[in-house]
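Next come the chains, spelled out residue by residue.
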Amino acid sequence: MDERSFALPTRLSKFVSFDGRVIVTTFHQRPDRYRHLEVAPESIPRIARGGGFSYAAASFGAGVLVQEMTMFSRILDHDPTERLLRVEAGARAGDILSWALKRNLCLPVVPGYPGITIGGCIAADVHGKNPRTDGTFRDWVRAFTLYHPAFGFIQASPETRGDLFDATCGGFGLTGIIVDATLRLVPLPAASVRFSSIRVNSLQHAAERILNSSAPFSYSWHGGALNASRIGDGLVFSAEWEPASVAAAPSPVRRQLTSENRRRLPFCLWNRLTVPAASWAFMLANSGRGQSRTMSVNEACFPFEQQQAYHRFFGRKGLGEMQLLISVAEFNRFVDRLAAVIRQQRPLITFMSIKAFRGRSRALSVSGEGLLLAIDYVRSPTADGFESSMDRLILDAGVQPNVSKDSRIAASVVGRSLPGYRNFVESVHRIDPKRTFQSDLARRLDI
Amino acid sequence: MTYVVIGAPSGVGRYVAESLAAAGEDLLLVSRDKRDSTAQAADLFYRYNIRAKAVALDLGEHRPEFLDFDRALESLGNVNGIVITVGGGLENDSIGGLEACADAIMTVNFLSVCLCIEHVLPRIRHGREPVIVGIGSIAACRGRSRNVIYSAAKRALLSYFESLRHAVDGWGVRVQFYQLGYVDTNLAFGQRLLLPAASPRSVGRKIANNLKHGSGVFFYPRFWYVVCLLLRALPWPVFRRMKL
């Protein structure tokens, strides 16, 4: 197979997972018409790609034809009475949110980056700022159209093709190409968001605050610390809707962060001096006078958009991230065990964060209720030991890893920790028996 | 006012249509597959609140069938201009392989475009500030061993547009022909390019913004004018050695 085997212009492109760990050169197409989706033969393994923000190499794989869906970004229908919006899967979440905000509507679940596509949101079943009350993206999808060369274009909703719907939301594109989706919007509660922060000195303290908070959204930030006894130092952010609009929205970022330009720096700027210094500066900026501030809904939804330096500083070597769903009852015990692992392995953790979570994925996403703990760290030989220890801890403590955030976690860990894994694998093999849809993630997780 | 954009859902046409919709112009969006133009019409309606109609027209056919096209035009009223952005090549377009592809390439890049303009001209000439826009290629600058019929068709199209401009000179119809350099569309995707490709968005915006300004042949990006001059001026012994 070479570039001339395809009916649509195809080239070899290099794809990088957002964390920089997986790099693959493979076939790449940019379909921009519906018939372009139909021309590639069923025998060619393929996968759809959206914005390419997945940490987990979900949108490419060696020898897999990557079909970039970003040209399918159109609004197809809007029912203002039912507040339904039908959009093509390549539409960026940021663009759809901007369109909705102008009409006093809102997407209840918005991912962290505006460049993530609607198809990507469904495929990874992303969560927003308050999954405890808003659930995950699948809770706001009324229906979608899926394309598979074996059965063409097919509509799926929880009522009509529940099996396909369940396997596709959080299925990382392994059931077919998501072509469009009908989303449920909600009225915009207010024009802006007022954030306030409060200092906490432990992860347990932060979790307690978040669980007791009645704010529309609440999450914590914990900076990197040199010793394990101080890993919980941080802030709990709470946000309330604010009727007054903010004076000026921040100027749009000139250059979008992508998985390619994130790794442009040849070396990592995060080290045992810069991490505590940046954490201290962030804490200072968000305490005292910076304790409370009002921002636009857009800015509140996409905090990383204005703070790209954080990810760029990881440089070519990349970053590691883990996101774990831990039951509330087990949280304190888990944190004690985590502190022991950190003391022993000494990874360079750049930040941690906690959110309260509720989700009901039946595919590869985390599911159930609890606290979602995210850990970012610098990749290094010491981090390898930390990752192995964490895999053991995940299995021992019975927590669920978010596979979309981790490009190295193995099938042996995921298979025993994600409740939907076995059913999902069976569903994918039933829907796509020839396994036309493939990716690095699918192969790593033995799907 | 209404503009017709042929080849609207993809490449440069997509952004011509988007720029016109942003300026509040109503549109007739034409594509080979109606699914594409229908999606685009809905998008432009919901984003810019304009009237946009979708219609299928296959310029790959020897005699394009204009029945649906005419019906759609009737419902939109006066037509102010037509922008035709269709075109394309085939891999075996080189000396020795032309029997299989020459007809198709010539039809879509040249003959159908002429017939389409011929068909719309009686309606356009009565519009306000009427304009006809065609798209050429720097591939037509000088014949070479690749894209043989494609280059010939684009050069023929340039000649047709010169004739058209001459013929409609007294009618107040503007005739614009764009000689485009590399553009980052599927036509150039995967090709080895010697110079940077322009974004289709910038090209589309340029064409839409220029609709009310003059007639003639325009190079875009403009540096291609110099490149073409140099290529034409190259003596044959030098040109024959170039791998273009």
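Above: the structure in question.
Now for a look at the structure at hand.

Parameters at a glance
Residues numbered from 1 in each chain as written. Chains lettered and ligands numbered in written order. Predicted model: local features only at pLDDT ≥ 70, side-chain atom pairs only at ≥ 80, totals over all residues. Heavy atoms only, no water. Buried < 20%, exposed > 50% of the residue type's maximum accessible area, 1.4 Å probe, protein only. Helix = DSSP H or I, 4+ residues; strand = E, 2+ residues; numbered from the N terminus. Contact = heavy atoms within 4.5 Å. Pairing = 2+ DSSP bridges. Axes fitted to C-alpha atoms, helices over the stretch in contact; angles between N-to-C directions. Disulfide = S-S within 2.5 Å. Parallel < 35°, antiparallel > 145°, perpendicular 65-115°, else oblique. Left-handed = near helix turned anticlockwise from the far one by under 90°. Nonpolar A, V, L, I, M, F, W, Y, C, P; charged D, E, K, R; others polar. Arc of directions from axis to C-beta.

**Overview of helix α2 (residues 93-102) of chain A**
Consideration 1: Among the ten residues of α2 of chain A, seven are classified as buried, and the element is accordingly described as predominantly covered.
Consideration 2: Contacts made by the buried residues of α2 of chain A are with β5 (75-79), β6 (84-88), β7 (105-106), α3 (118-123) and α8 (297-301) of chain A together with α2 (34-48) of chain B.
Consideration 3: Directly after α2 of chain A, the chain includes Asn104 of chain A, whose backbone phi takes a positive value near 55°.

**A closer look at the sheet that holds strand β2 (residues 26-31) of chain B**
Residue and element names in this part refer to chain B.
Consideration 1: Pairing within the open sheet is parallel, and its seven strands lie in the order β3-β2-β1-β4-β5-β6-β7. Only two strands of the sheet have a single neighbouring strand rather than two, namely β3 (52-56) and β7 (216-220). Looking at each pair of strands side by side, their axes are set apart by 20° on average, direction ignored.

**A closer look at the state of the cysteines**
Consideration 1: Per the counting criterion, the structure on display carries zero disulfides over all chains.
Consideration 2: In this model Cys228 of chain B remains outside any disulfide bridge; the closest cysteine sulfur is found in Cys141 of chain B, 3.4 Å from its own.

**Brief notes about the packing of helix α4 (residues 98-124) of chain B against helix α5 (residues 148-167) of chain B**
Residues and elements named next belong to chain B.
Consideration 1: As a packed pair, α4 and α5 sit with axes 9 Å apart at the nearest point and diverge in direction by 20°. It follows that α4 is roughly parallel to α5 by the angle criterion. Regarding α4 and α5, the two cross each other, and that crossing is right-handed. Residues Leu98, Ala102, Ile105, Met106, Asn109, Phe110, Val113, Cys114, Ile117, Glu118 and Leu121 of α4 form the contact with α5, whose participating residues are Val148, Ile149, Tyr150, Ala153, Lys154, Ala156, Leu157, Tyr160, Phe161 and Leu164.
Consideration 2: Of the residues contributing to the contact of α4 with α5, the split by class is 18 nonpolar, one polar and two charged.

**Let's talk about helix α13 (residues 421-431) of chain A**
All names here are of chain A.
Consideration 1: Restricting attention to buried positions, one finds in α13 the residues Tyr421, Phe424, Val425, Ser427, Val428 and Ile431. Angularly, the buried residues of α13 cover 165° about the axis, an arc narrow enough to put them on a single face. With respect to the buried face of α13, the exposed residues turned more than 90 degrees away are Arg422, Asn423 and Arg430.

These figures come from the coordinates and say nothing about function on their own.
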